[in-house]
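Fold and geometry: a report
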Amino acid sequence: QVQLAESGGGLVQAGDSLRLSCVASGGSFTRYYMGWFRQAPGKEREFVSGIAWTGVSKIYADSVQGRFTISRGNAKNTAYMQMSSLKPGDTAVYYCAARGSSSSTSYKQEDYDYWGQGTQVTVSS
């Protein structure tokens, strides 16, 4: 059973940076396409970014393009999300997710098989 554990969230001011981490255990991390999603209060969960197992192919939501950077360290079974120039609109619970059944790119929640518990990011103005 694959388990994902996020960390790195917190309370920051607008313009600050944070780095989220997602550690995977119990599976073959190098085979998984990894994604980050977020859910703001009163809103549906939305796709933020995804990264292929090679670490080369990456996709981003338009709302974070140019401010967030996804990466992964396969030797450490860890995915990262470097978030810069944070805005109050980035306030949400951030989740990492893994595609166990396919290594292809996807921004769809239903394509992901494993999910972490989430980490809260709050950006004050």
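Notes on the structure follow.

Rules used in this analysis
Position labels on residues start from 1 in each chain and follow its written sequence. Reporting in this predicted model follows two pLDDT cut-offs: at least 70 for local features of residues, and 80 or more for side-chain atom pairs to be given and counted; totals over whole chains, interfaces and linings ignore these cut-offs and use all residues. For the side-chain quantities, the full set of heavy atoms in the structure was used; hydrogens and water were omitted. Each helix is a run of DSSP H or I of at least 4 residues and each strand a run of E of at least 2, with the numbering of both proceeding from the N terminus. Burial status follows relative accessibility: with a 1.4 Å probe on protein chains alone, a residue under 20% of its type maximum counts as buried, one over 50% as exposed, and anything between as partly exposed. Positive residues here are Lys and Arg, negative ones are Asp and Glu, while His and the chain termini are left out of the count. A pair is scored as a salt bridge if a Lys or Arg side-chain nitrogen falls within 4 Å of a carboxyl oxygen belonging to Asp or Glu. Residues adjacent in sequence count toward polar contacts only when both atoms are side-chain atoms; beyond that, a polar contact is any pair of N or O atoms within 3.5 Å, and within protein one must be able to donate a hydrogen and the other to accept it. Two residues form a contact once any of their heavy atoms are found within 4.5 Å. In short, DSSP must find at least two bridges between two strands for them to pair. Structural elements are reduced to axes, namely lines fitted to C-alpha atoms, with helices fitted over the stretch in contact, and the angle between N-to-C directions of any two is expressed from 0 to 180 degrees. The criterion for an aromatic pair is that two Phe, Tyr or Trp rings (for Trp, the six-membered ring) have centres within 6.5 Å, with stacked assigned to planes under 30 degrees apart, edge-to-face to planes over 60 apart and tilted to the rest.

1. Side note on the side chain of Arg-72
Looking at the secondary structure, you find Arg-72 in strand 7 (residues 68–73). Of the side chains bearing the opposite charge, Asp-113 lies closest to the buried Arg-72, which forms no salt bridge; the N-O distance is 12 Å. A distance of 2.9 Å separates the side chain of Arg-72 from the backbone oxygen of Phe-29, its partner in a polar contact. A polar contact of 2.8 Å, which involves the side chain of Arg-72, links it to the backbone oxygen of Tyr-32. Not counting chain neighbours up to four residues away, the residues in contact with Arg-72 comprise Phe-29, Thr-30, Tyr-32, Tyr-33, Met-34, Ile-51, Ala-52, Trp-53, Gly-55, Thr-78, Ala-79 and Tyr-80.

2. Looking at the pattern of salt bridges
Enumeration over the complete set of coordinates arrives at 3 salt bridges. One salt bridge connects Arg-38 with Glu-46, and the closest N-O pair in it is separated by 2.7 Å. Since its relative accessible area comes to 6%, Arg-38 is described here as buried. Look at Glu-46 and you get partly exposed, because its relative accessible area is 35%. In this structure, Asp-90 engages Arg-67 in a salt bridge whose closest nitrogen and oxygen atoms are separated by 2.8 Å. Taken together, the residues Asp-90 in the loop between strand 8 (78–83) and strand 9 (92–99) and Arg-67 in the loop between strand 6 (58–60) and strand 7 connect sequence positions 23 residues apart. Both residues of the pair, Asp-90 and Arg-67, count as buried. Connected via shared salt-bridge partners are Arg-38, Glu-46, Arg-67 and Asp-90.

3. With respect to the sheet that holds strand 1 (residues 3–7)
Strands in a sheet are paired, the pairing made by backbone hydrogen bonds, and the direction either parallel or antiparallel. Spatial strand order, 1-3-8-7: 4 strands in an open sheet with antiparallel pairing. The sheet terminates laterally at strand 1 and strand 7, the two strands that pair on one side only. Direction aside, the axes of adjacent strands within the sheet are offset by 15° on average. Summarising the sheet, strand 1 and strand 3 (residues 18–25) pair through 5 bridges and their orientation is antiparallel. By the bridge assignment for strand 3, Leu-4 is matched with Ala-24.

4. Overview of the packing of aromatic side chains
Applying the stated criterion to the full structure yields 7 aromatic pairs. Summarising the aromatic geometry, the rings of Tyr-32 and Tyr-114 are spaced 6.1 Å apart at their centres and angled 50° between planes, so their arrangement reads as tilted. Of this pair, Tyr-32 sits in the loop between strand 3 and strand 4 (33–39) while Tyr-114 sits in strand 10 (residues 114–115), placing them 82 residues apart in sequence. A relative accessible area of 22% places Tyr-114 in the partly exposed class.

Coordinates in, geometry out; function isn't part of it.
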